[in-house]
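Fold and geometry: a report
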Amino acid sequence: MLRVMTWNIRTGGRDRTGPDRRDLVCRVVTAQAPDVLAVQELRGFDRPGVLAGFADRVGMRPYLARTCFGQPVAVLVRPPWRTRSAGPVRRPLHHAAQRVELATTAGPLTVLSAHLDPYTGLRRRIEAGWLAAAVRRAPGELALLAGDLNTLDPGTDHTGRVARLPVAYRRRHLRRDGRTVDTRAVARLLAAGLVDLWTHAAAGSVDPAGSVEAGLTAPTRHGGGVEFSGMRLDYLLGTPALAARLRDVHVVRGGDAEYASDHYPVVAELDLDLA
């Protein structure tokens, strides 16, 4: 069984003013013990020794994608899972995207950690196209896109959630007409053939009790997040062959996760074994 987690840890787990949350981040990761961790908003992790120190604390191997505009992202892999190849998605994303290919008994598994533009839906839609192309280039039938996509899903009425946002943040989720909720980035990825593992589970194939409220990932209770109004922005999107191997998916709440970031982690368990 492969356990995958995606998490935006907010500004590298350390605020410019306020508490250092890195110990909390490490405790949450250690408690969840993912085999693969897709992690976003790694401010300062491109400085010498920072990512390596974090990876040592959680017992994983790190693969970092740097950025010229926003904040780095990474994929971390826990031994004995074996990495066949790794590298950044070489497109000018606002943040970044990192690709790791793992060896499984069912064939190669490609995992992408990504963080889309926080400001405009049009830019997110363009970035989603680049990620869809990266998934198409993956070898075999198993691929997973994990990360903070900063986009509401196209299958839900978000009118009330967006209306509750302060005006400055509301614009981020509306199209040019100022009324229509912008879900184009996720819609583009779904149109490319990816499956939203949360809605796949909620539809009954894994967890009949799944709901919109249970899937919300931002904000946490005590981690900040004035730009959120109870939103699902963090996703695990898989190819159909990967979705068929889904055994569980859930949002991690409570305890340290309420303080470590303004986003909750999302964890999935997949019926895959290491080769």
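Residues numbered from 1 in each chain as written. Predicted model: local features only at pLDDT ≥ 70, side-chain atom pairs only at ≥ 80, totals over all residues. Heavy atoms only, no water.

Quick look at the sheet that holds strand β11 (residues 246-251)
Defined as follows: A pair of strands is treated as paired once DSSP finds two or more bridges between them. Labels follow the DSSP assignment, with helices taken as runs of H or I lasting at least four residues and strands as runs of E lasting at least two, numbered in each case from the N terminus. In this analysis an axis means a line fitted to C-alpha atoms, helices contributing only their contacting stretch, and an angle means the value between N-to-C directions, from 0 to 180 degrees. By definition, residues are in contact when any of their heavy atoms lie within 4.5 Å.
With mixed pairing, 6 strands are arranged side by side in an open sheet as β3-β4-β2-β1-β12-β11. Each end of this open sheet is capped by a strand with a single partner; those strands are β3 (61-65) and β11. Neighbouring strand axes in the sheet, compared pairwise and without regard to direction, differ in orientation by 15 degrees on average. Strand direction decides the pairing type here: β3 and strand β4 (residues 73-77), joined by 5 bridges, are antiparallel. Residue A65 lies in a different strand from β4, and its bridge partner there is V73. Lying over the sheet, helix α1 (residues 22-32) contacts β1 (2-8), β2 (36-40), β11 and β12 (266-270), oriented at roughly 160 degrees with respect to β1.

Quick word on the pairing of strand β10 (residues 234-238)
Counted only if it meets this: Burial classes follow relative accessibility: with a 1.4 Å probe on protein chains only, a residue under 20% of its type's maximum area counts as buried, one over 50% as exposed, and anything between as partly exposed.
Among the 5 residues that make up β10, 5 are buried, leaving the element largely enclosed by the rest of the structure. Burial along β10 is two-sided: D234, L236 and G238 facing one way and Y235 and L237 facing the other are all buried. One ladder, built from 5 bridges, connects strand β8 (residues 142-148) with β10; its direction is antiparallel. By the bridge assignment, L145 is partnered in β10 with L237.

A word on unusual backbone geometry
Cis geometry is found at the peptide bond from P79 to P80, where omega equals 15 degrees. Considering the arrangement of structural elements, one finds P80 in the loop between β4 and β5 (83-88). Here the residue pair A218 and P219 is connected by a cis peptide bond, since its omega of 5 degrees sits within 30 degrees of zero. Of note, P219 is situated in the loop between α7 (197-205) and β10. Although it is not a glycine, A33 adopts a positive phi angle of roughly 50 degrees.

Topic: the pattern of salt bridges
Note the following rule: The rule for a salt bridge is simple: a side-chain nitrogen of Lys or Arg has to be within 4 Å of a carboxyl oxygen of Asp or Glu.
Under the criterion given, the structure shown has 14 salt bridges. Residues D20 and R22 are paired through a salt bridge, measuring 2.5 Å at the closest nitrogen-oxygen approach. For D20, a relative accessible area of 41% gives the class partly exposed. The class for R22 is partly exposed, based on a relative accessible area of 30%. Each of R10, D15 and R21 takes part in one network of salt bridges that share partners.

What about the nonpolar core?
The criterion, for reference: Buried Ala, Val, Leu, Ile, Met, Phe, Trp, Tyr and Cys residues that are joined via side-chain atoms within 4.5 Å together make up what is termed a nonpolar core.
Of all hydrophobic cores here, the largest spans 53 residues; its most connected members are F54, L76 and L236. Residue contributions to this core peak at 5 residues, all from α1. When residues no more than four places from it in sequence are discounted, the contact partners of L236 are V4, T6, L144, L145, A146, V195, D196, L197, V249, V266, V267 and A268. By size, the runner-up hydrophobic cluster in this structure holds 21 residues, among which are L112, L116, L149 and L189.

Topic: the sheet that holds strand β7 (residues 107-115)
Taken together, the 6 strands give an open sheet; going across it, the order is β5-β6-β7-β8-β10-β9, and neighbouring strands pair in mixed fashion. In this open sheet, the two strands that pair with only one neighbour each are β5 and β9 (195-196). Two strands pair when backbone bridges link them, and β9 and β10 are joined in this way by 2 bridges, in the antiparallel orientation. Looking at β10, one finds that V195 is bridged to G238. Helix α3 (residues 121-136) rests against β6 (97-104), β7 and β8 of the sheet, and its axis sits at about 165 degrees to β7. Lying over the sheet, helix α6 (residues 184-191) contacts β8, β9 and β10, oriented at roughly 15 degrees with respect to β10.

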